[in-house]
Every structure is written in C-alpha cells, then in structure tokens.
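# Fold and geometry: a report
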Amino acid sequence: MGERNKTTDAIILNLSRQGENNWTATLISPDSGIFYATVYGGPKSKLRSLVQKFNIGKLYYYDDSQRNLRKISDFDVANYHQTFSTDIYKVWAANLGAELIIKTKAAGDYRNTFTLLSAFLNGIDACDEKGARLGTLRFLWRYLKLLGVQPDISYCVSCSSPVFSEGNEEEINPVHYFPSMNGFLCTDCLASYLQSKENMNQALPLSKNAAEYLMAINMLSPGKVRAMTISADDAYDIKRLVYILAEQAAGCKLKTLESGALIL
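Below or above, wherever it landed, is the structure these notes cover. (Residues numbered from 1 in each chain as written. Predicted model: local features only at pLDDT ≥ 70, side-chain atom pairs only at ≥ 80, totals over all residues. Heavy atoms only, no water.)

## Quick word on the sheet that holds strand β7 (residues 183-185)
Ordered in space as β7-β6-β8, the three strands form an open sheet in which the pairing is antiparallel. The open sheet terminates on both sides in strands that have one partner only, identified here as β7 and β8 (204-206). Sheet twist, expressed as the average angle between the axes of neighbouring strands with direction ignored, equals 40°. By the bridge criterion, three bridges tie strand β6 (residues 175-178) to β7 in an arrangement that is antiparallel. Its bridge partner being in β7, F178 is matched across the sheet by G183. Where helix α9 (residues 232-250) meets the sheet, its contacts fall on β6, β7 and β8, and the angle it forms with β8 comes to roughly 130°. (Pairing = 2+ DSSP bridges. Helix = DSSP H or I, 4+ residues; strand = E, 2+ residues; numbered from the N terminus. Axes fitted to C-alpha atoms, helices over the stretch in contact; angles between N-to-C directions. Contact = heavy atoms within 4.5 Å.)

Given below as structure tokens:
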C-alpha cells in the first residue's frame, strides 16, 4: 500500500458545498492533474479560510484511492489575490480561466497549465482593470496554443499563402477568421469565399494591429507584450475571437461567459 499522505503544489479552481459544513474543492496540480478533495469544517475553521478559490500554495492531503477519498489536511498559501474581492471583473476573469481549464481537462498538460494559470492569476491581481482585461486575452490566446487549437494568423487556411502582403507596412485591410474553417483567409481567398452571404455573416474581422498583437504574444516575452498597447476596438475584436475559440475548445457554452456577459 502506497503512502496516503501526500503533498503537492496546487491552485483552487472551484469550491462547491457538500452537506452542511463541508466543501468539495476542485484543484489543479502540476503532478497530480485536476482532482477533487473534501474540505471538512465549518466557515470558522482555519482550513476553510485557507482553501479559497484561486489561492495558490502547497497542499497537504490524504488520498485513499481504494475508497476514492481525498481529504485536505492543510494548505500553505503562497499567493492569495486580494483585489479579487474588490474588482468584479478580475474574479469573473479568474472564473472563466478556471472553467475553461476544467472543461478541457488542461489537455493533459497539467504542468504547463499550472504555470500559465499561476502567472495569469498573479498578473491580473497586480494590475488595474484595464491591464487585467488585456491579461485575460493574452492568457486565453496562450492557453489555446497549449491546447493545440490556436489558429495560425500568418497563413491562409485555404491556400497557405501569407495572410498579409509581405513588405506592405501600410496595409490596412483586416484579416477575417471563419469558425467553420478554424482559420484566416488571404485577400484572394476571402473575395471568393465572401460571395456567399452565409459565409459573410460568419466572418470575424481582425485588424493588422490586432493580428500583430496576437502574433507578438506567441513570439515575444511576457514583459515585452505587456508593454504593448492596442486600441479599444482591436481589444474588442480579439476578445470576440478568443471567446469563440474558447467555447469551441470546450465543446460547449461556457457558463461564465453566459452569466457574466455584461462584465466580461
């Protein structure tokens, strides 16, 4: 019989009530994956005060696989996010990230997902709401890449030619993403594809500046990308794109996006 008392780094993704005084925690760990564990104790218990949504730290728990029982015995919090209690956008953004990770099961890449989510939660906690909104877009775009479903903005999904004309720094025409193709079209393919009114209604435009911002997220260091600025219109178009891609990756509507539509 293996050791039942275990220790791992963990992030609290969700908490749901179990009975009158106990709770079920959903957690992600770089080495134990996504799992559930019971938190015993009423609202005044020390353990309950430590095991809060989005706290990051060292988890101590009892694991009895034969009885399918996991029980949290202690949680040494390394990072808690004070601004989440005062900024409604931040807590909804954190919920969105957690729900997406749970729905997609982190594609089995728990270590990189743990690192990405930790950086996201700590990052939006440390900045103002405007910075948090851009941070959410960057997190979702990076997570889509981790899942292997991030579309390639550089090349046309139909003919594989460059989406933007090389050497044309003054190009202002937007690129267009099509959910049914999970990709972007070059100017030539776009003209042919948009002859159908149905296809026209599917198109999601993205300016060159917005597209370059997304490409920079993939290519530059996080610090350099944080120093970049984009317009409100470009941020809106990116948001619309990554939200659609997130729900495609999850294979369902995300409750956080539906309930928090006016916030997110």
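## Observations regarding unusual backbone geometry
As a rule of thumb, non-glycine residues mostly have phi less than zero, and peptide bonds are mostly trans rather than cis. Located in the positive-phi region is A107, a residue other than glycine, with phi close to 50°. With respect to the helices and strands, the residue A107 is situated in the loop between α2 (88-104) and α3 (110-126). The exposure class assigned to A107 is partly exposed, which follows from its relative accessible area of 46%. The backbone of N182 shows a phi angle near 50°, a positive value even though the residue is not glycine. Here N182 shows up in the loop between β6 and β7. (Buried < 20%, exposed > 50% of the residue type's maximum accessible area, 1.4 Å probe, protein only.)

## Quick notes on the nonpolar core
One finds L117, L121, W141, L206, I238 and L241 to be the most contacted residues of the largest nonpolar core, which totals 56 residues. When contributions to this core are tallied by element, the ones reaching two or more residues are β1 (5-18), α2, α3, α4 (129-147), β6, β8, α7 (208-219) and α9. At nine residues, the largest contribution of residues to this core is made by α4. Setting aside chain neighbours within four positions, we find L117 in contact with I11, L13, I28, I101 and F139. Residues I12, A25, L27 and I72 belong to the second largest nonpolar core, which totals 15 residues. (Core = buried A, V, L, I, M, F, W, Y, C linked by side-chain atoms within 4.5 Å.)

That's the geometry; what it means functionally is another story.
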